[in-house]
Amino acid sequence: MTKIISSLKEARGFLEKYPRVYLVTSVKLSEKLGWAINELGISNLQTILIPDGEKSKEWKELQKLLAKMSELGVDRSSLLIALGGGSVGDVVGFASSIYLRGVPFIQIPTTLLSQVDSAHGGKTGIDFLGYKNQVGSFHLPEAVVIDKRFIEKLSEKQVIDGLGEVIKAGFIKDPSILRLLEKEKVESIQKSKSLLQIIKKTIAVKNYYTQADFKENKIRQILNVGHTVGHAIELRYKIGHGLAVLYGMERELAVTEKMGLTKKGTRDNFINLLKSLGIVLDKEMKPDWKTVLHDKKIVGDEIAFPVVAKEGVSTIKVIKLNNLKKFI
Ligand SMILES: NC(=O)c1ccc[n+]([C@@H]2O[C@H](COP(=O)([O-])OP(=O)(O)OC[C@H]3O[C@@H](n4cnc5c(N)ncnc54)[C@H](O)[C@@H]3O)[C@@H](O)[C@H]2O)c1
Ligand SMILES: [Zn+2]
């Protein structure tokens, strides 16, 4: 099981166990986050730099990363550190899962989205032939280090992106997250005294599902609430993933309420929470139905659809695609 470590200083004891430690991050982040690298206090640290953001998840960049690992002598007794957002985490996780058939790695996520979501659960991967996350593996990090100081420097857009997955976790499993969010605004979160608590509760929801169903055969699919419609909106309008999940949740709650699968008023509560946080959804944004049809949960003319039954309770229902289309 992955260990959660609550600060960079606390990570030192863990890192001391490894004879060689290699830190992978982007050029941009290595300049911004020098303070964090120093705080890890690793004397013979080797650093590997990769491109910033989604570009690092290209096939040829993976190849360069593996070549560098080989050149620097990474072996199975070494430890890789992924320092950065979800992109760095995904490509480093994948490289560490295939290099020498697997070397240990840890995640030090630096965006809200990666701290609450992508660093956990062991999904790794790269983009391939124009499709996101087409090639990858399930490979758990040895530890995830959460340090809330990384969140302070994020833009409002990056905060909202992380909040998408936080709000989702509240609705599917843990409404106490929603009660904490009701006291916040988007602008107050970064400095909020509840921030670490909100992050940890969201991680607990993700770990609950991923530990019960690591390879996503069934119950882990509940984490995909908001994603069937959300992905289609993300691709069509090129908006951030977490924000797209909020758009997806709004549409999906509307649909499942109409079908009688969700308690009446749940969508209103969702909209009210967004309003009180200061997040406004553009009513014109609708998913492209053809993209919805690419969802991997579809079998024949039905989809195994993760549904919020009421705040904190969710389930998977097989529904007819025709019904989904009619109500979207
Ligand atoms: N593996 C999973 O389960 C999973 C889940 C969700 C998303 N993802 C993946 O995560 C990726 C998105 O991750 P992301 O949203 O964290 O963004 P990202 O990793 O693409 O980074 C976006 C930008 O934020 C900057 N940044 C990162 N940390 C910063 C900090 N502390 N201060 C200032 N700038 C900082 C980066 O330099 C980069 O320019 C996508 O590739 C997505 O597919 C994976
Ligand atoms: Zn997501």
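Provided above is the structure to which this section pertains.
Residues numbered from 1 in each chain as written. Chains lettered and ligands numbered in written order. Predicted model: local features only at pLDDT ≥ 70, side-chain atom pairs only at ≥ 80, totals over all residues. Heavy atoms only, no water.

Asks: I keep staring at the site of ligand 1 and nothing clicks. Help me out?
Replies: As a matter of local geometry, ligand 1 sits amid 23 residues, with Asp52, Glu54, Ser87, Thr110 and Thr111 nearest to it. In the environment of ligand 1, an oxygen atom lies 2.8 Å from a nitrogen or oxygen atom belonging to the side chain of Lys57. Separating an oxygen atom of ligand 1 from a side-chain N or O atom of Asn133 is a distance of 3.4 Å. Surface burial for ligand 1 is 85%, taken as the share of its 880 Å² of free accessible area covered by protein chains. (Near = heavy atom within 4 Å. Polar contact = N/O pair within 3.5 Å; in protein donor to acceptor, adjacent residues only side chain to side chain. Areas by Shrake-Rupley, 256 points an atom, 1.4 Å probe, with all protein chains shown as cover.)

Asks: How should a nonpolar patch on the surface be read in this particular structure?
Replies: Judged by side-chain polarity, Trp59, Phe128, Leu129 and Tyr131 come together as a nonpolar surface patch covering roughly 480 Å² of accessible area. Within the secondary structure layout, Trp59 lies in helix 4 (residues 59-71). (Patch = residues over 30% accessible without salt bridge, like charges linked within 9 Å, V, L, I, M, F, W, Y side chains within 5 Å. Salt bridge = Lys/Arg side-chain N within 4 Å of Asp/Glu carboxyl O. Helix = DSSP H or I, 4+ residues; strand = E, 2+ residues; numbered from the N terminus.)

Asks: Help me out: how do you make sense of the coordination of the zinc ion (ligand 2) in this one?
Replies: For a metal with four tetrahedral donors the ideal donor-metal-donor angle is 109.5 degrees, whereas six octahedral donors ideally subtend 90 or 180 degrees. Within the protein, Glu165 (OE), His227 (NE2) and His241 (NE2) serve as the donor atoms for the zinc ion (ligand 2), at 1.9 to 2.1 Å. All donors to the zinc ion (ligand 2) come from one chain, and their sequence spacing reads E-x61-H-x13-H. Linking Glu165 in helix 7 (residues 156-172) with His227 in helix 11 (residues 227-237), this pair joins segments that are 62 residues apart in sequence. What makes Glu165 buried here is its relative accessible area of 3%. (Donors = N, O, S within 2.8 Å, 3.2 Å for Na, K, Ca; no water. Buried < 20%, exposed > 50% of the residue type's maximum accessible area, 1.4 Å probe, protein only.)

Asks: Explain the sheet that holds strand 10 (residues 302-310) to me, please; I cannot follow it from the model alone.
Replies: Backbone-to-backbone hydrogen bonds join strands into a sheet, with any given pair of strands oriented parallel or antiparallel. In space, the 3 strands of this open sheet follow the order 9-10-11, with antiparallel pairing throughout. Both edges of this open sheet fall to strand 9 (298-299) and strand 11 (313-320), since each of them pairs with a single strand only. (Pairing = 2+ DSSP bridges.)

Asks: What am I meant to see in the nonpolar core here?
Replies: Counting 60 residues, the largest nonpolar core has Leu163, Ile167, Leu181, Ile279 and Leu324 as the members making the most contacts within it. The element contributing the most residues to this core is helix 7, with 8 residues. Formed by 22 residues, the second largest nonpolar core is a distinct cluster that contains Leu83, Ile108, Val145 and Phe150. (Core = buried A, V, L, I, M, F, W, Y, C linked by side-chain atoms within 4.5 Å.)

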